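Each chain is listed here by its residues.
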Amino acid sequence: MSDQPHLLSETDGHVAIVRLNRPKVLNALNLELMNDLATLLENFDENDDIRVILLAGSERAWAAGADIGDMATATKSDMEDRDQFAQWERIKRIRKPIVAAVSGFALGGGCELMMHCDVIVCSENAKIGQPEINIGVMPGAGGTQRLTRAVGKAVAMDIVLSGRFLSAKEALLHGLVSRVVPTEHWYDEAVKIAHAIAAKAPISLRNAKESILNAEEQSLSDGLKRERQLFYDLFDTEDQKEGMAAFMEKRRPTFKGK
Ligand code: CO8
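Conventions we followed
Residues numbered from 1 in each chain as written. Predicted model: local features only at pLDDT ≥ 70, side-chain atom pairs only at ≥ 80, totals over all residues. Heavy atoms only, no water. Phe/Tyr/Trp six-rings, centres within 6.5 Å; stacked < 30°, edge-to-face > 60°. Lys NZ or Arg CZ within 6 Å of the ring centre and 35° of its normal. Buried < 20%, exposed > 50% of the residue type's maximum accessible area, 1.4 Å probe, protein only. Helix = DSSP H or I, 4+ residues; strand = E, 2+ residues; numbered from the N terminus. Pairing = 2+ DSSP bridges. Axes fitted to C-alpha atoms, helices over the stretch in contact; angles between N-to-C directions. Parallel < 35°, antiparallel > 145°, perpendicular 65-115°, else oblique. Contact = heavy atoms within 4.5 Å. Nonpolar A, V, L, I, M, F, W, Y, C, P; charged D, E, K, R; others polar. Salt bridge = Lys/Arg side-chain N within 4 Å of Asp/Glu carboxyl O. Near = heavy atom within 4 Å. Polar contact = N/O pair within 3.5 Å; in protein donor to acceptor, adjacent residues only side chain to side chain. Areas by Shrake-Rupley, 256 points an atom, 1.4 Å probe, with all protein chains shown as cover. Left-handed = near helix turned anticlockwise from the far one by under 90°.

**A closer look at the packing of aromatic side chains**
Two numbers describe a pair of aromatic rings. These are the distance of the centres and the angle of the planes.
Inference 1: This model, assessed by the stated rule, comprises 4 aromatic pairs.
Inference 2: Across from the ring centre of Tyr187, 4.5 Å away, lies the NZ or CZ of Arg19, which sits over that ring.
Inference 3: One Lys or Arg, Lys127, reaches over the ring of Phe105 and ends 5.3 Å from the middle of that ring.

Structure below.
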């Protein structure tokens, strides 16, 4: 484990595990934590031994939002000067898959952080929402944009304007999370899923992630053009030769990330 108190990290084979660790405030995301989180994720993104990053909270809380104490007395210009969204942009640029292990509260900035992840494994006890409306603000780290792309306008309006929490079941129904798992196994299941993904070809993972994220930003025809290029690029990799040869020879492939 690292010595950063608000973040714990370790590696487990090709999987890097990062845990949010501010239990007294339900993992509220303060400025220092977000800066350190971005740095840690970038380091794992650069590390050739790591193929997947697992980001987890605790069973009680993934993260209950941005730290309200950081913002309570801030003025508009204080908020602009902090440029805190620069850290979120850094997280958006991580190229390796990020698996989120979400249990308990995923609220406000916590829900927005969850939406920065790629595969979202969600415990049955999760309570997910954008309750900023209850404290006189609105989502600011992508909550009106990514949520709307994930669940559609009518459901996004309901979540953001009412501030209500979704259950895990509702979140799955609306396509906001990838899988729901029993609360008693939330962490182990997420670790299993992270390892299963880490067994795939790393460059395929990276290209596929880029291409899926493009669907949020680009037109269909631009997205298709880029997808085709990323697909062709994989035929220059050893892992494509290995994957297809293994299929023909009826054996399991061994991928090297080359
Ligand atoms: N910030 C700071 N402290 C918090 C936060 C938070 N977001 N959430 C909980 N805490 C603290 C509580 O103050 C409490 O501290 P203490 O024990 O010292 O009183 C402790 O965590 C435990 O919380 P509760 O006693 O309230 O626990 P409950 O089980 O009764 O309730 C809830 C849990 C429902 C999660 C409740 O704590 C709550 O409503 N929290 C606030 C949720 C919220 O409004 N989140 C949105 C915050 S604003 C935001 O995220 C804007 C994002 C903008 C972009 C990101 C920029 C960085």
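Having seen the structure, we can now continue with the description.
**With respect to the pairing of strand S2 (residues 15-20)**
Inference 1: Most of S2 sits out of view: 5 of its 6 residues are buried.
Inference 2: Across 6 bridges, the pairing between strand S1 (residues 7-12) and S2 is antiparallel. Paired with Leu8 across the two strands is Arg19, which belongs to S2.
Inference 3: In the sheet, S2 pairs with strand S3 (residues 52-56) via 5 bridges, with the strands oriented parallel.

**What about the packing of helix H10 (residues 202-217) against helix H11 (residues 220-233)?**
Inference 1: H11 packs onto H10 with a crossing angle of 175 degrees between their chain directions and a minimal axis gap of 10 Å. Overall, the two elements H10 and H11 adopt an arrangement that is roughly antiparallel. Facing Asn207, Glu210, Ser211 and Asn214 of H10, the residues of H11 in contact are Arg226, Glu227, Leu230 and Asp233.
Inference 2: Grouping the constituent residues of the contact of H10 with H11 by class yields 1 nonpolar, 3 polar and 4 charged.

**Concerning the pattern of salt bridges**
Inference 1: Scanning all chains against the criterion turns up 12 salt bridges.
Inference 2: Residue Lys225 pairs with Asp222 through a salt bridge whose shortest N-O separation is 4.0 Å. In this pair, Lys225 and Asp222 both sit in helix H11, 3 residues apart, roughly one turn of the helix.
Inference 3: Glu242 is the salt-bridge partner of Arg251, the closest N and O atoms lying 2.8 Å from each other.
Inference 4: For Arg251, a relative accessible area of 36% translates into the label partly exposed.
Inference 5: A residue is classified by how much of its surface remains accessible, and Glu242, at 18% relative accessible area, is buried.

**A few points about the site of the ligand**
Inference 1: Within the structure, the ligand sits among 24 residues, and Arg60, Ala64, Ala66, Ile68 and Gly109 are positioned closest to it.
Inference 2: Lys24 has a polar backbone atom sitting 3.4 Å from an oxygen atom of the ligand.
Inference 3: Interatomic distance of 3.0 Å between a backbone N/O atom of Ile68 and a nitrogen atom of the ligand.
Inference 4: When isolated, the ligand has an accessible area of 1,100 Å², and the protein chains bury 65% of it.
Inference 5: Elements represented by at least two residues in the shell around the ligand include exactly helix H2 (68-71), helix H4 (85-92), strand S6 (105-107) and helix H5 (109-116).

**A short note on the packing of H4 against H5**
Inference 1: Direction vectors running N to C along H4 and H5 enclose 25 degrees, while the axes themselves pass 10 Å from each other. Considering the angle they form, H4 stands roughly parallel to H5. Where H4 crosses over H5, the two elements pack in a sense that is right-handed. Mapping the contact onto sequence places Trp88, Ile91 and Lys92 in H4 and Gly109, Glu112, Leu113 and His116 in H5.
Inference 2: Of the residues belonging to the contact of H4 with H5, the class tally is 3 nonpolar, 2 polar and 2 charged.

**Regarding the sheet that holds S6**
Inference 1: What the 4 strands build is an open sheet, ordered S4-S6-S8-S9; its pairing is mixed. Each edge of the open sheet carries a strand with a single partner, namely strand S4 (61-63) and strand S9 (166-167).
Inference 2: Note: strand S8 (residues 127-129) against S9, 2 bridges, orientation antiparallel. Paired with Ile128 across the strands is Leu166, a residue of S9.
Inference 3: Along the sheet, H5 contacts S4, S6 and S8; its crossing angle with S6, the most-contacted strand, is approximately 90 degrees.

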